[in-house]
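Take a look at the letters that make up each chain.
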Amino acid sequence: QRLAIVLVATVAVRLFFIAWGLSGLCVKERLGMSRTDFTVGYALAAGYGYVKGSGAAAHHLGNLFERASAGLQVTPETAGPLPSEGARPWMLHPPGYPFLVSIAHRILGMPADIPMMLLGLLLDTVAAGLVWWIATRLLGSAVGLAAGLIYAAYPPYAYWSSVSKSVDGILAVFIVGCLACVVQAAGERGWRAWAWFVGSGLVLGLGCYMRPDYMLMPAILALGVYARNRRLREAILAAVVIQATVFATLLPWALRNHAIAGRWIFSSTSVGGTLINSLGEAPNPWGYGPFDEDRHKEAQALGWVDAWSPEADAHFRALFRKNVIEQPRAYAVLLARRLPMALGTPYSFGYENPYKTQTFGQAQTRGQTYIDVLSEKPWYVLAAYWDLVLMAFLSLCGTGCAAIMIWLERRRMDVLLLALGPHLYSLGTHFLTFLWPRYILPSVFCWLIAMAYVAVRCRDRLHFRAAARRAPTQRA
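Quick summary incoming for the structure in this document. What you see is a predicted model, and the numbers here were worked out from it, not measured in a lab.

A contiguous patch of positive charge on the surface is contributed by R461, R465, R469 and R470. Structurally, the position occupied by R461 is in helix α22 (residues 445–475).

In structure tokens form, the structure reads like this:
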């Protein structure tokens, strides 16, 4: 019955967001990366393979996207040949989401937008049910119900899983599913436990085909297994089994990339450019800008087609290591500036604020500073950014609840490492590399579990105090 409540609430909230997205009222348009995934997906449906292009090839693929969005079913016959000029294998991201776009389009014969919205709704509903199960298993039925309902109502999950039509919205179910398998395995013995560990690696490996950010997460999950069972050898073997299964699942992708680039790429070719973008997100001694366009110009100046080519990726990875080693103080300052983003992450839920203008940018051209603008229009930040301020506040509350949970449950390290481990891993890795809200959203369900835990503890404390006040009257 509790599970049914969670699932119904999850579906209802996401249907509301889908209706909002279709209305077009103050909702963000398709992200550039989402359009790219759909374009590459239609290229797969056309039989071109996992390719991207520039010049004539880019023009052809753009027309293919427009025709498919208008209702033409893309097949090798209707698409025609892909111009060889500018066509190249695509390695920016693993092909999981474009593959789903291709399958949905070929089976249903319609634009993949609505099917991918509904698929996101379905997968995120499964994730909500798994969050309920994990929290119930680790912290009790009351926390499980609260965690499931908070997940169901959390606006960023509702938007990214349905309206956004992007890989960011369907990654959470794989992270939750991986954790659920580990929680189940930690309570089993013998071959059943190892079967669940293999299942955990398989689920995570499939998730890495969407985005490989969590590829090395098994180590922290194994710490939770050790804290629960106190069997070090089993925990180490569990980490090896899960991680080996992840790599085995990604092996076809890595083999394809090795045949093209001559090196093993289990993740993507976006890592190097993204790392340099992270160094440029604030004033820095290296003189880097924060945008992809900056990396493209640098890569093209070195003779590569763009920043996502295998050669540019390797160059930028090496450059990142070199810069950090040579300027550790500048890197430390950058991390310090990034800390507020980690504590109170302003997750977006797709709201396109009509009050948001180019006020700050216009002020800079007039020689004014941000302080000048705010002194003239102190209401502007609240009016234009209330949505992000609200989500940053909720995120800060989640961080605080996680800290409270860690303190109150400090003797139950198994529960803490399993319930909070995925987001601790995500925060740690992205804090050191590139912390962008949607990158760490898939694991923020851990903080939602912490919020549910604190809410139930507060409710129990209030009930206890009310019962204590009634007791003297009843004795009299």
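Let's shift gears to the side chain of R211. Structurally, R211 can be placed in the loop between α10 (191–208) and α11 (218–229). The buried category is assigned to R211, whose relative accessible area is 4%. Within the local environment of R211, its side chain forms a polar contact with the side chain of D213, the two groups lying 3.1 Å apart. From its side chain, R211 meets the backbone oxygen of Y439 in a polar contact 3.1 Å long.

Time to look at unusual backbone geometry. Of note in the backbone geometry, C26 takes a positive phi value of approximately 50 degrees without being a glycine. If you trace the backbone, C26 turns up in the loop between α1 (2–23) and α2 (32–45). Even without glycine at this site, R230 takes up a positive phi of about 55 degrees. Following the sequence through the fold, R230 ends up in the loop between α11 and α12 (232–261). The class for R230 is exposed, based on a relative accessible area of 57%.

Formed by 126 residues in total, the largest nonpolar core has its most connected members in Y151, Y157, M217, M405, L420 and F445. With residues up to four places along the chain from it excluded, the contact list for F445 reads V131, Y151, Y157, I175, V176, L179 and P422.

For the coordinates displayed, the defined rule picks out 20 aromatic pairs. Taken together, a centroid distance of 6.2 Å and an interplanar angle of 85 degrees make the contact between F320 and Y331 edge-to-face. One end of the pair, F320, is in helix α15 (residues 310–326); the other, Y331, is in helix α16 (residues 328–343), with eleven residues separating them in the sequence. Both residues of the pair, F320 and Y331, belong to the buried class. Pairing F349 with Y351 gives two aromatic rings, centres 6.4 Å apart and planes at 20 degrees, and the pair type is stacked. Look at F349 and you get buried, because its relative accessible area is 12%. Of the aromatic side chains, those joined through ring pairs into one cluster are F38, Y42, F65 and Y97. The positively charged end of K52 is found above the aromatic ring belonging to W90, 5.7 Å away from the centroid.

Relative to the 21 Å expected for 15 residues at 1.5 Å per residue, helix α9 (residues 172–186) spans 21 Å between its end C-alpha atoms, a close match to the ideal helical length. Within α9, 15 of the 15 residues are buried, which leaves it mostly tucked inside the rest of the structure.

Right, let's get into the environment of A127. Here A127 is to be found in helix α6 (residues 113–139). In sequence terms A127 and Y151 are 24 residues apart; their C-alpha atoms lie 8.8 Å from each other. For A127, the contacting residues outside a window of four places in its chain are Y151, V173 and V176.

Among the structural elements, T345 can be located in the loop between α16 and α17 (359–365). Setting aside chain neighbours within four positions, we find T345 in contact with P340, M391, A392, S395, P437 and I440.

Conventions and cut-offs
- Residues numbered from 1 in each chain as written.
- Predicted model: local features only at pLDDT ≥ 70, side-chain atom pairs only at ≥ 80, totals over all residues.
- Heavy atoms only, no water.
- Patch = residues over 30% accessible without salt bridge, like charges linked within 9 Å, V, L, I, M, F, W, Y side chains within 5 Å.
- Areas by Shrake-Rupley, 256 points an atom, 1.4 Å probe, with all protein chains shown as cover.
- Salt bridge = Lys/Arg side-chain N within 4 Å of Asp/Glu carboxyl O.
- Lys, Arg positive; Asp, Glu negative; His and termini not counted.
- Charge placed at Lys NZ, Arg CZ, Asp CG, Glu CD.
- Helix = DSSP H or I, 4+ residues; strand = E, 2+ residues; numbered from the N terminus.
- Buried < 20%, exposed > 50% of the residue type's maximum accessible area, 1.4 Å probe, protein only.
- Polar contact = N/O pair within 3.5 Å; in protein donor to acceptor, adjacent residues only side chain to side chain.
- Core = buried A, V, L, I, M, F, W, Y, C linked by side-chain atoms within 4.5 Å.
- Contact = heavy atoms within 4.5 Å.
- Phe/Tyr/Trp six-rings, centres within 6.5 Å; stacked < 30°, edge-to-face > 60°.
- Lys NZ or Arg CZ within 6 Å of the ring centre and 35° of its normal.
- Expected span 1.5 Å × (residues − 1).

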